[in-house]
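Below, each chain spelled out in residue letters.
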Amino acid sequence: MPSLYLIDAHGYLHRAYHALPPMTNSQGQPVNAIYGFLRMVMKIVRQNKPDYVAVCFDTAAPTFRHTVYPHYKATRKQADADLVSQFPIAREAIQALNLAGFEVDGFEADDLIAHFARKGQANGWEVVIVTGDKDAMQLVGNGVRILNEPKNLVIDVPQVIERYGVNPDQIPDVFSLMGDASDNVPGVPGIGEKTAIKLIQEHGTLEQLLRDAPSLTGKVGSLLLEHADSARQSRALVELRHEVPVTIDWEKCAVHPPSPEVIAPFLQRMEFYGLLKEMLPTATVAVDTSKRDYLTIWTENELINWLSGAAGAERLAVDVETTGLNPLRCALIGISLSYEAGAACYIPVRHQDLQSPVPMSLSLIQKHLAPLFGGEKPKIYGHNLKFDSLVLKRHGFPIGRLHCDTMVASYVLNPSRTSHGLKDLVLELVHEPMTSIEQLIGKGAKQISMELVPVAQVGPYAAADADMTLRLAEHLEKLIQEKDLSRLFYEMEMPLVEILGTMEESGVRIDREYLNDLGRELRGGMESLEKLIFELAGEKFNINSPKQLATILFEKLSLPVLRRTKTGISTDEEVLQKLSAQHPLPKALMDFRELQKLHSTYVEGLQTALSDSSDRVRTSFNQTVAATGRLSSSNPNLQNIPIRTELGRKIRKAFIPKAGSCLVSADYSQIDLRMLAHISQDQTLIEAFRTGEDVHTTTASSIFNVNPTDVTPELRRVAKSINFGIVYGISAYGLAQQLQITAEEAKSHIERYFIRYPGVRVWIDQTLKEAREKGYVRTLLGRIRYLPEILSKNGSIRGFAERMAMNTPIQGTSADIIKVAMISLHGARARNDWSGDMLIQVHDELLFEIPESHLASSLKTIKHYMEHAIPLSIPVVVDLKKGANWAE
């Protein structure tokens, strides 16, 4: 039996809008309702495989119900502008999905659904109404049922009777009596749902009830007599029309797959790249090589012939296949190269494929690739070149002239993108689907190593990576030039690729024995705290179970519930902090959690990261993660080690220099505040830094109207919070929370701050104005950050974007400065201007390993290059500290 699915578009658009967090694309268009709606419709079609679909929309025009009752829906709150702006796009979305959408002025979507349902019934089809609207229950029966998709509820006649106690065709009679506040249907005042159901059960229909009203005793009879017209009018409002002036073309409603030529541009415009990847047909494992000149090279002659064309090329894309994701530990499986679009080669190095020839020896491949990688030409292109170059260098293929990393280029163009992956970018910009790696190696428990995949499959896959990288680069380099990002990309971010690779190779030495001792100390502390926790709780329980912990805290100990989440009562750090004033157990729990985190994250994490042959830990520096332009660190994360706690300092004590050297920390002093002074050009702030004043004391003196000599540590602390709070766009409420003062006091502090530093206020206003006009902000060196949310009608979303607009030029420029300093220091190191190695970058700090014999001269050079990275109108100060470990 054919099936017809009728979808209530506006009902699900409303649901999606309120269920999903706010989302906007780079043009500032809200898209969360569209995204959720698309997902819902796709799920319906995919899971239920209907033969026909009709998506029914409301229109903005008044309906016949407004003629019956002008106040119909008059009490409804006006829909958010962000939601309304997505209604027209929803119609486009249905067209893009190759589904039929319908709307008729004067009628609601529910009427269209009723009309289609009756036509489907007449055809003898199975009719499913996809809606959460209770009015549709009157249509249930004779092959018509309701699917409430979010709740996964199927409603047939028994469910209608169970819910309302009447048959579906009696639903309008019940609703006409009880009314509907959401639609402003008056009903009969004084008659609620229970009474309405009982009356219709006894009298059958509204008309029969009204005929029987004179004989009814009590209040109900008089109410019915007094409001009979209102009841009849209400029934006219709630009853769905089965006849609507709309032409039905069932072939148009037949379900067909969306056309890639239609759906792809729509999803790209919406920036739904995940959906795009899901919906477009992906390449099969065996790539169609008839359209591409891809070659797997097995012999020396084949390699010589291919390289003869590459020798004079301007560009060369390089990609590697490996046994893992750690560039300093994995083995090289093969190398792919491309010097022109549509052509690429794959050179197997290590495969366990008995059906293929034996690969050339590594030394033979090195012999022929070395001139290509080490000559003046071509320029090297790649995607995640830091990884590829580290792998190749370890296997005897050192690469210079890293010209364009497409992953980094994507990041420079839009650091807020959720994915800078090659396949996502190629799909978006080159419009070519690519084979996913999971198609070759599988995923989860069934995943295998790439070296076990037949070369016949790996070759085209790997060659495509190099080919598509080269094609993608054309698009990205053009965009970089158009957006005036060339200097940032080619002179800062690309040189940094090689520098970060060098730092990762160097690693940092760990005192294994000390780390083992510290692990034992932390485990001992955890055991003691565990005993204390059980004593305070009066029983043993799973400390790491939020549910069990909530039972102890809020049921057994009767502590007050401070916050609830979707999963239950919150027992997070903030809650425990507040509860610790009432009972000692929350404080013991916080101490236990701190020890547990330090032990698992750092002691165990560092021990895992140490290789058997070396005492050095090698992290991965991520260049394309933080939207502000800052670097991040992972596997292990060396940027999150606590510095303000004694336990955190104990972790840092495990980091030591090699013999004959010491560790040196070079830390920018108050760099964000100095950036604020330079960018805002506030003369008072500039003068404070030029004369070497303590800015926090100066600010405290002004805000609290006291002499600088009378500023107490507490007043300075408050001023410090305000100084840095301004940089991060803090609100009066946020400052009040931070300082535990009233909002009025916080507002007064901020106002006095701007009286002291009026240039900052002017700069903030101008920055926000430009951000609203352009949709983005830039750092001093041109780094761009898009902020489409700054035009959002939602106050909290808009406020967050405004804080980012204030913060990004400051923090982003600070990030740029340390990157410039790293590049300058790398060049100076190559010229032997200083000795040692740059090991770690942590926000505003660089950690070095310096030979003690060259310490004095190296410190002087490091300080010079860091303080003069870029010219500013205020002095930049770098604090140098040295010691036998990082804690010192």
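Residues numbered from 1 in each chain as written. Predicted model: local features only at pLDDT ≥ 70, side-chain atom pairs only at ≥ 80, totals over all residues. Heavy atoms only, no water.

1. So, the overall build of the protein chain
Okay, step 1: Of the regular secondary structure elements, the protein chain holds 37 helices and 25 strands.
Okay, step 2: Principal axes of the C-alpha set define a box for the protein chain whose edges measure 110 × 80 × 60 Å.
Okay, step 3: Long-range contacts, defined here as pairs at least 24 residues apart, represent 69% of the contacts in the protein chain between residues at least 6 apart.
Okay, step 4: Counting 95 positive and 106 negative side-chain charges, the protein chain places the centres of these two groups 3 Å from one another. (Helix = DSSP H or I, 4+ residues; strand = E, 2+ residues; numbered from the N terminus. Contact = heavy atoms within 4.5 Å. Lys, Arg positive; Asp, Glu negative; His and termini not counted. Charge placed at Lys NZ, Arg CZ, Asp CG, Glu CD.)

2. Side note on the pattern of salt bridges
Okay, step 1: Under the counting rule described, the total for this entry stands at 47 salt bridges.
Okay, step 2: Here Glu-428 and Arg-417 are joined by a salt bridge, their closest N and O atoms 2.5 Å apart. With Glu-428 in helix α20 (residues 422–430) and Arg-417 in the loop between α19 (406–413) and α20, this residue pair connects regions lying 11 residues apart in the sequence. A single burial state applies to Glu-428 and to Arg-417, both of which are buried.
Okay, step 3: Of the charged contacts, one joins Glu-574 and Arg-563 as a salt bridge, the two residues approaching to 3.9 Å between their closest N and O atoms. On the criterion of sequence distance, the pair formed by Glu-574 in helix α26 (residues 573–579) and Arg-563 in the loop between α25 (546–556) and β14 (564–565) is long-range, its members being 11 residues apart. (Salt bridge = Lys/Arg side-chain N within 4 Å of Asp/Glu carboxyl O. Buried < 20%, exposed > 50% of the residue type's maximum accessible area, 1.4 Å probe, protein only.)

3. A closer look at the sheet that holds strand β3 (residues 100–102)
Okay, step 1: One open sheet holds the 6 strands; their spatial order is β3-β2-β1-β4-β5-β6, and the pairing between them is mixed. Looking at which strands have only one partner, the edges of the open sheet turn out to be β3 and β6 (153–155). Across the sheet, the mean angle separating the axes of adjacent strands is 25 degrees when strand polarity is ignored.
Okay, step 2: Pairing analysis gives 5 bridges linking strand β1 (residues 3–8) to strand β4 (residues 126–130), with the strands arranged parallel. Paired with Ser-3 across the bridge in β4 is Glu-126. (Pairing = 2+ DSSP bridges. Axes fitted to C-alpha atoms, helices over the stretch in contact; angles between N-to-C directions.)

4. Describing the packing of α19 against helix α23 (residues 486–506)
Okay, step 1: Packing of α19 against α23 leaves a shortest axis separation of 11 Å and a crossing angle of 135 degrees. When the axis of α19 is compared with that of α23, the two are oblique. At the point where α19 passes α23, the crossing takes the right-handed sense. Every residue of α23 that contacts α19 at Val-408, Ala-409 and Val-412 is listed here: Leu-488, Phe-489, Glu-493 and Val-497.
Okay, step 2: Here the contact of α19 with α23 is composed, by residue class, of 6 nonpolar, no polar and 1 charged. (Parallel < 35°, antiparallel > 145°, perpendicular 65-115°, else oblique. Left-handed = near helix turned anticlockwise from the far one by under 90°. Nonpolar A, V, L, I, M, F, W, Y, C, P; charged D, E, K, R; others polar.)

5. Structural notes on the packing of helix α18 (residues 385–394) against α23
Angle between the axes and distance between the axes are the two parameters that describe a pair of packed helices.
Okay, step 1: As a packed pair, α18 and α23 sit with axes 9 Å apart at the nearest point and diverge in direction by 50 degrees. Overall, the two elements α18 and α23 adopt an arrangement that is oblique. Crossing of α18 over α23 shows right-handed handedness. Taking contact as the criterion, the partners of Leu-385, Lys-386, Leu-390 and Lys-393 in α18 are, on α23, Met-494, Val-497, Leu-500, Gly-501, Glu-504 and Glu-505.
Okay, step 2: When its residues are assigned to classes, the contact of α18 with α23 shows 5 nonpolar, 1 polar and 4 charged.

6. Remarks on the sheet that holds strand β10 (residues 343–348)
Okay, step 1: Overall, mixed pairing links the 6 strands, which are arranged β7-β10-β9-β8-β11-β12 in an open sheet. Bordering the open sheet on either side are β7 (293–296) and β12 (402–405), each of which pairs with just one other strand. For this sheet the average axis-to-axis angle between neighbouring strands, irrespective of direction, equals 25 degrees.
Okay, step 2: As defined by bridge partners, strand β11 (residues 379–382) adjoins β12 across 3 bridges and the pair is classed as parallel. Counted as the bridge partner of Tyr-381 is Cys-404 from β12.

7. Examining the pairing of β1
Okay, step 1: Across the 6 residues of β1, 6 count as buried, placing the element largely inside the fold.
Okay, step 2: The alternating pattern of β1 places Ser-3, Tyr-5 and Ile-7 on one face and Leu-4, Leu-6 and Asp-8 on the opposite face, and all of these are buried.
Okay, step 3: As paired strands, β1 and strand β2 (residues 52–56) are joined by 5 bridges and run parallel to one another. In the sheet register, Asp-8 faces β2, and the bridge partner there is Cys-56.

8. Notes on the confidence of the model for the protein chain
Okay, step 1: Scored by pLDDT, the protein chain has a mean of 90; 98% of the residues are at 70 or more.
Okay, step 2: Scored below 50 in pLDDT, residues 282–289 makes 19 contacts in the model with residues more than four places away or belonging to other chains. (pLDDT = per-residue confidence, 0-100.)

9. Digging into the nonpolar core
Okay, step 1: Among the nonpolar cores identified, the biggest contains 175 residues, and Leu-337, Leu-369, Phe-373, Tyr-668 and Phe-848 are the most heavily contacted of them.
Okay, step 2: Per-element accounting of this core gives the leading share, 12 residues, to helix α36 (residues 795–830).
Okay, step 3: Ignoring anything within four residues of it in the chain, the contact list for Tyr-668 reads Ile-817, Ile-818, Ala-821, Asp-844, Met-866, Ala-869, Val-876, Val-877 and Val-878.
Okay, step 4: The next biggest cluster of nonpolar side chains, apart from the first, holds 57 residues, and it includes Tyr-72, Ala-109, Ile-155 and Val-166. (Core = buried A, V, L, I, M, F, W, Y, C linked by side-chain atoms within 4.5 Å.)

10. Quick look at the side chain of His-383
Okay, step 1: By the secondary structure assignment, His-383 is in the loop between β11 and α18.
Okay, step 2: With a relative accessible area of 11%, His-383 lands in the buried category.
Okay, step 3: Only 2.6 Å separates the side chain of His-383 from the side chain of Thr-406, close enough to count as a polar contact.
Okay, step 4: A polar contact of 3.3 Å, which involves the side chain of His-383, links it to the backbone nitrogen of Met-407. (Polar contact = N/O pair within 3.5 Å; in protein donor to acceptor, adjacent residues only side chain to side chain.)

11. A closer look at the environment of Asp-511
Okay, step 1: Note on placement: Asp-511 falls in the loop between β13 (508–510) and α24 (512–537).
Okay, step 2: Looking at Asp-511, the relative accessible area reads 26%, which means it is partly exposed.
Okay, step 3: Along the primary structure Asp-511 and Ser-814 are separated by 303 residues, whereas in three dimensions their C-alpha atoms are 32 Å apart.

12. What to know about the pairing of strand β24 (residues 845–851)
Okay, step 1: The buried fraction of β24 amounts to 6 of the 7 residues, a majority that puts the element mostly inside the structure.
Okay, step 2: Both strand β20 (residues 661–668) and β24 contribute to a ladder of 7 bridges, which runs antiparallel. Following the sheet pairing, Leu-663 is matched in β24 by Glu-849.
Okay, step 3: When strand β23 (residues 837–842) meets β24, the two strands line up antiparallel, connected through 5 bridges. Its bridge partner lying in β24, Gln-841 is registered against Leu-846.
Okay, step 4: Here β23 folds back onto β24, and the loop between the two strands holds 2 residues, one of which, His-843, carries a positive phi near 55 degrees.

13. What to know about the side chain of His-115
Okay, step 1: Mapped onto the elements of the fold, His-115 is located in helix α6 (residues 109–122).
Okay, step 2: Look past the residues within four positions of His-115 in its chain and what remains in contact with it is Arg-241, His-242, Glu-243, Val-244, Val-246 and Ile-248.

14. With respect to unusual backbone geometry
Okay, step 1: In this model, Asn-635 is joined to Pro-636 through a cis peptide bond whose omega is -5 degrees.
Okay, step 2: Phi at Asn-635 takes a positive value of approximately 55 degrees, unusual for a residue other than glycine.
Okay, step 3: Structurally, Asn-635 can be placed in the loop between β18 (632–634) and α28 (646–652).
Okay, step 4: Exposure remark for Asn-635: the relative accessible area of 67% places this residue in the exposed category.
Okay, step 5: The backbone of His-843 shows a phi angle near 55 degrees, a positive value even though the residue is not glycine.

15. Overview of α25
Okay, step 1: Every buried residue of α25 is accounted for by Leu-549, Ala-550, Ile-552, Leu-553 and Phe-554. Each buried residue of α25 sits inside an arc of 160 degrees when the element is viewed along its axis, so together they form one side. The exposed residues of α25 that point more than 90 degrees off its buried face are Lys-547 and Glu-555.
Okay, step 2: Residues of α25 that are buried sit in contact with α24, β15 (568–569), α26 and α27 (584–609).
Okay, step 3: After α25 finishes, the residue Ser-558 shows a positive phi value of roughly 55 degrees. (Arc of directions from axis to C-beta.)

16. Details of the packing of aromatic side chains
Okay, step 1: What the rule picks out here adds up to 17 aromatic pairs.
Okay, step 2: When the ring of Tyr-164 is compared with that of Phe-175, the centres are 5.4 Å apart and the planes differ by 75 degrees; the resulting orientation is edge-to-face. In this pair, Tyr-164 is assigned in helix α7 (residues 157–164) and Phe-175 in helix α8 (residues 171–178), connecting sequence segments 11 residues apart. For the pair shown, Tyr-164 and Phe-175 are each scored as buried. (Phe/Tyr/Trp six-rings, centres within 6.5 Å; stacked < 30°, edge-to-face > 60°.)

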